[in-house]
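Survey of secondary and tertiary structure
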Amino acid sequence: MPVEVADAVAEAVTTWSQDHPVRVLWHGGEPLATGLAHFATLISRFGPGEGHPVRHSVQTNATLIDERWCELFATVPVEVAVSIDGPAPDNSARADRGGRDSTARTLRGIELLRRHRVRFGAIAVVSDPTPARAVALYDWFAELGATSLGVNIEERKGVHRDVSGTGAEVAEFWAALAQRWAADRRMPIREFAHAFGYVRDTLAGRSAARADRPVNPMPMITWDGHVVPVSPDLAGFSSPRLGPFTAGNVADAPLGELLTRAAAVPWVAEALAGVTACRASCDHFAYCRGGQAANKYFESGRLDVTETSYCRNSKIALMEGLIQHAQYAHA
Amino acid sequence: MPSTPMPETSGSLDERVYVHREELTVLMADAGRCDDISSGILGDLSNLEGTLLSDRRLKCDVVAVDWSR
């Protein structure tokens, strides 16, 4: 990312920080591949915030982490999350460009983080969502020392065409994960934390209000300055029908201005129509809030459809799994 | 598109959560919070207010980076 792009983003971020905290998420690809010196330069273009803090996070496969990166993470406000799916057999899909398994290098990076007392979260993609996998997954990451775990059930997205499991099978995975988490509780599970937000609102009689509540937007800015206002997994892709998934470039207009105009961009409008369709048709809308445009597009070729495999496996099945766990606990 | 069949899915989701409120409350005890509160950023995004997607990118105090692979 050129410094000029970072400067354009930083300008908007500074303005937003006058009203609320802002978190800048650096991800890729592999963000550490930009090199430590350039990464430090990019971070430095963002101030500490005006009125509220500006924080940075990085999502990394950890293979490039060395002593110098650990020193940077320990001295500047950058939170670290590692992408790893489990021990070597489970992580085998994460190969480098030469096709080599990256697990050993990722674990070496994690060990360096631990040695330098840099806290790290983790995100895992699960391609075999079974109850046994749920227990093994939780235990392995808790022992690894992850401060939190995000679980992505394998999705059809971008160049990735596989979708894992059926709804009922995946619900059993989530139920087993809930049971294991309930018995241990060392490591928060991102998906449960979100689901619990819905459950709390529902039990407080706020489900309808939750459905109407605005969701925090999170615009994605690509390395070359393109703005993807919704569903950042669309970044870098184009639709034959709708054109490239961008709402403009920060080189041409301020980020805030591009976002204000974004709803008029055809593909964004179609994505927003998809949310409206979800609201009208889905019993889970107050929980899910409209799904992911990227999943809709990569599964159907359109952004205005409703239920996707992602919905079924990562939303509906998850909530069913939590209810299953509640039923088991009651029994 | 049809929903995938699930066990015991009679009643709305809200109703079923309410039926299991006691067990779910126990499960949620001491859990981290991840509330998708809206923020002042919407002041600059009034065109999108109330419609933006993305629960995977919430202001969340338990996972810092929560959607990228």
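Each value, and the rule that gives it
Residues numbered from 1 in each chain as written. Chains lettered and ligands numbered in written order. Predicted model: local features only at pLDDT ≥ 70, side-chain atom pairs only at ≥ 80, totals over all residues. Heavy atoms only, no water. Helix = DSSP H or I, 4+ residues; strand = E, 2+ residues; numbered from the N terminus. Pairing = 2+ DSSP bridges. Axes fitted to C-alpha atoms, helices over the stretch in contact; angles between N-to-C directions. Contact = heavy atoms within 4.5 Å. Phe/Tyr/Trp six-rings, centres within 6.5 Å; stacked < 30°, edge-to-face > 60°. Buried < 20%, exposed > 50% of the residue type's maximum accessible area, 1.4 Å probe, protein only. Lys NZ or Arg CZ within 6 Å of the ring centre and 35° of its normal. Parallel < 35°, antiparallel > 145°, perpendicular 65-115°, else oblique. Left-handed = near helix turned anticlockwise from the far one by under 90°. Nonpolar A, V, L, I, M, F, W, Y, C, P; charged D, E, K, R; others polar. Core = buried A, V, L, I, M, F, W, Y, C linked by side-chain atoms within 4.5 Å. Domains from an automatic or database assignment. Buried area = accessible area lost by both parts, 1.4 Å probe. Salt bridge = Lys/Arg side-chain N within 4 Å of Asp/Glu carboxyl O. Polar contact = N/O pair within 3.5 Å; in protein donor to acceptor, adjacent residues only side chain to side chain. Disulfide = S-S within 2.5 Å.

**Some points on the environment of Ala269 of chain A**
Residue placement: Ala269 of chain A occurs in helix 10 (residues 266-281). For the pair Ala269 of chain A and Ala251 of chain A, spaced 18 residues apart in the sequence, the C-alpha separation amounts to 23 Å.

**What to know about the sheet that holds strand 4 (residues 120-126) of chain A**
Residue and element names in this part refer to chain A. The parallel open sheet is built from five strands, whose spatial order is 1-2-3-4-5. Edge positions in the open sheet fall to strand 1 (22-26) and strand 5 (149-153), since each of these has one partner strand only. Going across the sheet, the axis of each strand differs from the next one's by a mean of 20°, ignoring polarity. Two elements, strand 4 and strand 5, share five bridges in a ladder whose sense is parallel. If you follow Val126 over to strand 5, its bridge partner there is Ile153. Against the sheet, helix 6 (residues 167-184) engages strand 4 and strand 5, with an angle of about 170° to strand 5.

**A short note on the packing of aromatic side chains**
What the rule picks out here adds up to 15 aromatic pairs over all chains. Arranged with centres 5.8 Å apart and planes meeting at 70°, the rings of Trp26 of chain A and Phe39 of chain A form a pair that is edge-to-face. Here Phe39 of chain A lies in helix 2 (residues 36-44) and Trp26 of chain A lies in strand 1, a separation of 13 residues in the sequence. Comparing Trp26 of chain A with Phe39 of chain A, the two get one shared label, buried. On the basis of an interplanar angle of 90° and a centroid distance of 4.9 Å, the ring pair of Trp140 of chain A and Phe141 of chain A is categorised as edge-to-face. Chaining the aromatic ring pairs together yields one cluster made of Trp26, Phe39, Phe46, Trp69 and Phe73 of chain A. Above the ring of Tyr287 of chain A, the side-chain terminus of Lys315 of chain A is found at 5.2 Å from the ring centroid. Lying over the aromatic face of Tyr18 of chain B, Arg21 of chain B brings its terminal NZ or CZ to 4.3 Å of the ring centre.

**Digging into the packing of helix 2 of chain A against helix 3 (residues 67-75) of chain A**
Residues and elements named next belong to chain A. Helix 3 packs onto helix 2 with a crossing angle of 15° between their chain directions and a minimal axis gap of 11 Å. Considered as vectors, helix 2 and helix 3 are oriented roughly parallel to each other. With respect to the hand of their crossing, helix 2 and helix 3 are arranged in right-handed fashion. Listed contacts from helix 3 to Leu36, Phe39 and Ala40 of helix 2 are Arg68, Trp69 and Leu72. Broken down by class, the residue content of the contact of helix 2 with helix 3 amounts to five nonpolar, no polar and one charged.

**Quick notes on the nonpolar core**
General note: in soluble globular proteins, nonpolar side chains tend to be found buried as a group. Residues and elements named next belong to chain A. The biggest cluster of nonpolar side chains holds 86 residues, and the ones touching the most others in it are Phe73, Phe141, Val151, Trp174, Phe192 and Leu322. Excluding residues within four positions of it along the chain, Val151 makes contact with Ala124, Val126, Leu137, Phe173, Trp174, Leu177, Ile189, Arg190 and Glu191. Residues Met220, Val228, Ala262 and Ala271 belong to the second largest nonpolar core, which totals 19 residues.

**A closer look at the domain arrangement of chain A**
All names here are of chain A. Here chain A is partitioned into domain 1 (3-190) and domain 2 (211-321). For domain 1 and domain 2, the distance between their C-alpha centroids amounts to 22 Å. Every contact between the two is made by 23 residues of domain 1 and, on the other side, 25 residues of domain 2. Carbon and sulfur atoms supply 69% of the area buried between domain 1 and domain 2, which totals about 1800 Å² over both sides. Along the contact surface separating domain 1 from domain 2 lie zero salt bridges. One can count one residue pair in polar contact (both at pLDDT 80 or more) joining domain 1 with domain 2. Of all the secondary structure elements, the ones that give two or more residues to the side of domain 1 that touches domain 2 are helix 1 (3-16) and helix 6.

**Regarding the state of the cysteines**
Residue and element names in this part refer to chain A. With the rule as written, the count across this model stands at zero disulfides over all chains. Note on Cys282: no disulfide assigned, nearest cysteine sulfur contributed by Cys278 at a separation of 6.4 Å. A residue is classified by how much of its surface remains accessible, and Cys282, at 29% relative accessible area, is partly exposed.

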